[in-house]
Amino acid sequence: MKVGIIGTGYVGLPTGVGLAELGNTVVCVDKIKEKIDDLKAGKLTIYEDGLAELFAKNTANGRLTFTTSMRKAIEGADLVLIAVGTPPHPVTHEADLKYIYAAATELAEYLTDYTVIATKSTVPVGTGDNIEQLITSKNKMARFDVISLPEFLREGFAVHDFFNPDRIVVGTNSEKAANLIKELYKPFEGKTNMLFVSRRSSETIKYASNAFLAMKIHYINEIANFCEKSGADVSEVAKGMGLDNRIGNRFLNAGIGFGGSCFPKDTMAMAFMGRMAGTPIELIEATIAGNNKRKEQMAERVLKAVKDIPNAKIAVWGLAFKDGTDDCRQSPAMDIIAELLAHKADIVAYDPKAMGTACQLLGDKIAYADDMYSAAKDADVLVILTEWKEFSGADLSGLAQLMRNKKILDFRNMLNPKEAIKFGFEYQCIGKTVE
Ligand code: NAD
């Protein structure tokens, strides 16, 4: 099958690589020329575990190509995936669909034979209807179906999730389009759930799912606050809760609040849709407000830890919004750092993968270290903000020698509290008091 993918970002690129690996001919188009130049030159533009090998293999065998020409991606395609960004509108916080409608307008003129146009981007209910009308108005002869094919991959696990999806949701009433998608995902037959629903249900499933997961994170963070007051340990509580199949153990790690390119914007977009529909979704509204407060609380804890130290140096481990990715978009670590900078903090940071992306956002407002120990050298407090595995294996004895003041704020519960105390650290973590 020939597949055209519009948008070569965190979704479009792994999806393109995955579909090429399944044997399809994939043409990825992006309007950012530098991105396409890099990809054409064999240079990956994002970090994802396992992506490099499959990218190299499928570009070498010619099944995966890159272009800035919309015509090359669309002409003759059986399937077009729209994977452009849907950022929050700066004022209303609803999903801003300008990239979606621009892509739909640009692709319309190149449609020749019957084509299925699928939105992989996360879009509000009714967007499929609008895309359909837009394309018809631009190209009266076009034969096509617009379907919703929401993406559920997790950044950091994009390749794994492409080949092992929990479910594939397809929103369409067209049998012809449904058959094409069945054909596309034939290699996954019997290995995953394929759910065919209406386009509007499919669009809602994506937002309702993300908002639910965000709520789960916020819930355990509130329970963590309670545990700190009540003498319980949130890790034990989460474990006990998670053993209940109805609850499940994922998204129950207490921390610094949810972030990333999806949860913040998708909760805001879902809340907006609820309000517009005259049925505000109070749980989501509370989740958004509570998550914002969470990051402020974390910054306050850091400021409190250094308040009596003149010219305190703060070491930060972790900048990406979670481990396994270089993505710093809406990273809670970034928000906490911004709050600290507003208080003139002196920060040195290290992240195993996200130094480049963080530097694009923060520039020289903070200093960057080559490794985790260099970041901690002469620091007065070490703050752990992203759950990279390598942090949990830190040499605490060495760290104790390096730091000026031995204070650790382990906001991801990565270290062994007893060990930290043994090496003389003043140690705080999330959701339990450490003596
Ligand atoms: P991204 O910003 O990484 O990539 C989007 C790409 O689209 C950019 O490279 C941009 O240049 C390109 N683009 C925009 N308009 C274009 C046009 N007219 N023609 C060609 N290229 C164009 O975004 P992303 O993180 O991949 O997210 C894309 C969509 O997928 C969003 O709606 C997002 O909510 C959704 N989603 C993201 C994830 C994730 O983990 N990132 C997961 C599930 C769903």
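Since this is a predicted model, take the numbers as computed values, not measurements. Numbers given to residues run from 1 along each chain, matching the order in which its sequence is written. Only residues with pLDDT of at least 70 get local features here, since the model is predicted, and only at 80 or more are side-chain atom pairs given and counted; chain-wide, interface and lining totals rely on the full set of residues. The side-chain quantities take in all heavy atoms of the structure and omit both hydrogens and water.

## Let's talk about the overall build of the chain
Test applied: Where helices and strands are cited, they refer to DSSP runs of H or I of at least four residues and of E of at least two residues respectively, numbered from the N terminus. Each radius of gyration reported is based on C-alpha atoms, and the globular scaling rule is 2.2 Å times the count of residues to the power 0.38. Only protein chains enter the calculation, and the probe is 1.4 Å; a residue is then buried if its accessible area is under 20% of its type maximum, exposed if over 50%, and partly exposed in between. Residue contacts are defined here by distance: any two heavy atoms, one from each residue, within 4.5 Å place the two residues in contact.
The secondary structure content of the chain amounts to 18 helices and 14 strands. Relative to the 2.2 N^0.38 estimate, which gives 22 Å for 435 residues, the radius of gyration of the chain is 23 Å and therefore close to what a compact globule would have. Along the first, second and third principal axes, the C-alpha set of the chain runs to 75 × 50 × 45 Å. In the chain, buried positions account for 53% of the 435 residues. Excluding contacts between residues fewer than 6 apart, the proportion of contacts in the chain whose partners are at least 24 apart in sequence is 72%.

## Focus: the sheet that holds strand 13 (residues 407-410)
To be explicit about the condition: Strand pairing is assigned whenever DSSP identifies at least 2 bridges connecting the two strands.
Reading across the sheet, the six strands line up as 11-10-9-12-13-14 and stay open at both edges, with parallel pairing between neighbours. Bordering the open sheet on either side are strand 11 (367-368) and strand 14 (426-429), each of which pairs with just one other strand. One ladder, built from five bridges, connects strand 9 (residues 313-317) with strand 10 (residues 346-350); its direction is parallel. For V316, the partnering residue across the bridge sits in strand 10 and is A349.

## Considerations on empty space enclosed by the protein
We count it as follows: Only protein atoms enter the 1 Å grid used here. Points where a 1.4 Å probe fits but cannot escape make up a cavity, open sets with protein on both sides within 12 Å along at least five of seven lines make up a pocket, and a residue lines them when an atom lies within 4 Å of a point. Grid points are joined across faces, edges and corners, and a volume is the space filled by probe spheres set on the points. Residues were grouped as follows: Ala, Val, Leu, Ile, Met, Phe, Trp, Tyr, Cys and Pro as nonpolar; Asp, Glu, Lys and Arg as charged; and all remaining residues, including Gly, as polar.
Counted by the stated rule, this structure contains one cavity of 30 Å³ or more. Sort the elements by how many residues they give to the lining of the largest cavity and helix 9 (residues 199-230) lands first, with three residues. Taken together, the residues of the lining of the largest cavity break down into two nonpolar, five polar and two charged.

## Some remarks on the site of the ligand
Stated formally: Any residue with a non-hydrogen atom lying within 4 Å of a molecule or strand is treated as near it. Each polar contact in these results corresponds to two N or O atoms within 3.5 Å; when the atoms are within protein, one needs to be able to donate a hydrogen and the other to accept it, and residues that are neighboring in sequence are counted only if both atoms are side-chain atoms.
The ligand sits among 28 residues. The nearest are D30, K35, T86, E155 and K265. A distance of 3.4 Å is found between a nitrogen atom of the ligand and a side-chain nitrogen or oxygen belonging to E106. Take T122: an N or O atom from its main chain is 2.9 Å from an oxygen atom of the ligand. Taken together, the residues of the shell around the ligand sort by class into 11 nonpolar, eight polar and nine charged.

## Some words on the layout of surface pockets
Size it by volume and the second largest pocket reaches roughly 520 Å³. Contributing to the lining of the second largest pocket are 20 residues, with E228, R301, K304, Q428 and C429 lying nearest its centre.

## Notes on the packing of helix 1 (residues 12-21) against helix 3 (residues 51-60)
Selection criterion: Fitted lines through C-alpha atoms give the axes, limited to the stretch in contact for helices. The angle between two N-to-C directions lies from 0 to 180 degrees. Orientation is classified from the angle alone, with under 35 degrees giving roughly parallel, over 145 giving roughly antiparallel, 65 to 115 giving roughly perpendicular, and any other angle giving oblique. Handedness of a helix crossing follows the sense of rotation of the near helix relative to the far helix, less than a right angle counterclockwise being left-handed and clockwise being right-handed.
One way to put it is that helix 1 packs onto helix 3 with a least axis distance of 9 Å and a crossing angle of 55°. Classified by the angle between their axes, helix 1 and helix 3 sit oblique to one another. Where helix 1 crosses over helix 3, the handedness of that crossing is left-handed. Along its contact with helix 1, which presents L13, P14, V17, A20 and E21, the element helix 3 presents L51, L54, F55, K57 and N58. Class assignment of the residues belonging to the contact of helix 1 with helix 3 gives a composition of seven nonpolar, one polar and two charged.

## Quick word on the packing of aromatic side chains
Rules: Working definition: rings of Phe, Tyr and Trp (its six-membered ring) pair if their centres are within 6.5 Å, and the pair is stacked with planes under 30 degrees apart, edge-to-face with planes over 60 apart, and tilted otherwise. Only when the NZ atom of a Lys or the CZ atom of an Arg is both within 6 Å of the ring centre and within 35 degrees of the ring normal do we say a charge sits over the ring.
This structure, assessed with the given rule, holds nine aromatic pairs. Plain terms: the ring middles of F55 and F66 are 5.9 Å apart, the flat faces sit at 45° to each other, and that makes the pair tilted. Residue F55 is located in helix 3, and its partner F66 is located in strand 3 (residues 64-67); the two are separated by 11 residues in the primary sequence. Across this residue pair, the class does not change: F55 and F66 are buried. Across the ring face of Y114, the terminal group of K176 is positioned such that the distance to the ring centre comes to 4.0 Å. Over the aromatic face of F196 sits the side chain of K182, whose NZ or CZ is 5.2 Å from the ring centroid.

## Considerations on the pairing of strand 10
The side chains of a regular strand alternate between the sheet's two faces. Selection rule: When the strands point away from the viewer and the connection leading from the first strand across the helix to the second strand turns clockwise, the crossover is called right-handed.
Across the five residues of strand 10, four count as buried, placing the element largely inside the fold. Where the polypeptide runs from strand 9 across helix 13 (residues 332-342) and back to strand 10, its parallel neighbour, the crossover connection is right-handed. Looking at chain direction, strand 10 and strand 11 are connected through two bridges and run parallel. Each bridged residue has a counterpart across the sheet, and for A349 the counterpart in strand 11 is Y368. Traced from strand 10 through helix 14 (residues 355-362) to strand 11, the parallel crossover comes out right-handed.

## Quick word on the nonpolar core
Stated precisely, the cut-off is as follows: By convention a nonpolar core is built from buried Ala, Val, Leu, Ile, Met, Phe, Trp, Tyr and Cys residues, the set being connected through side-chain atoms within 4.5 Å.
Counting residues in hydrophobic clusters, the biggest one holds 65 residues, and the most contacted among them are I314, W317, L319, L399 and F411. Apart from the residues within four sequence positions on either side, L319 is in contact with C328, S331, A333, M334, I337, A349, D351, M355, A358 and T386.

## Observations concerning helix 3
So the rule is basically this: An arc is given here, and it is the one of the directions from the helix axis to the C-beta atoms.
Among the residues of helix 3, those classed as buried are L51, L54, F55 and N58. The buried residues of helix 3 occupy an angular sector of 105° when projected down its axis, which confines them to one face. The exposed residues of helix 3 that point more than 90 degrees off its buried face are E53 and A60. Among the structural elements, helix 1, helix 2 (33-40), strand 3 and helix 7 (158-163) are those in contact with the buried residues of helix 3. Directly beyond the C-terminal end of helix 3, a positive phi value near 85° is found at G62.

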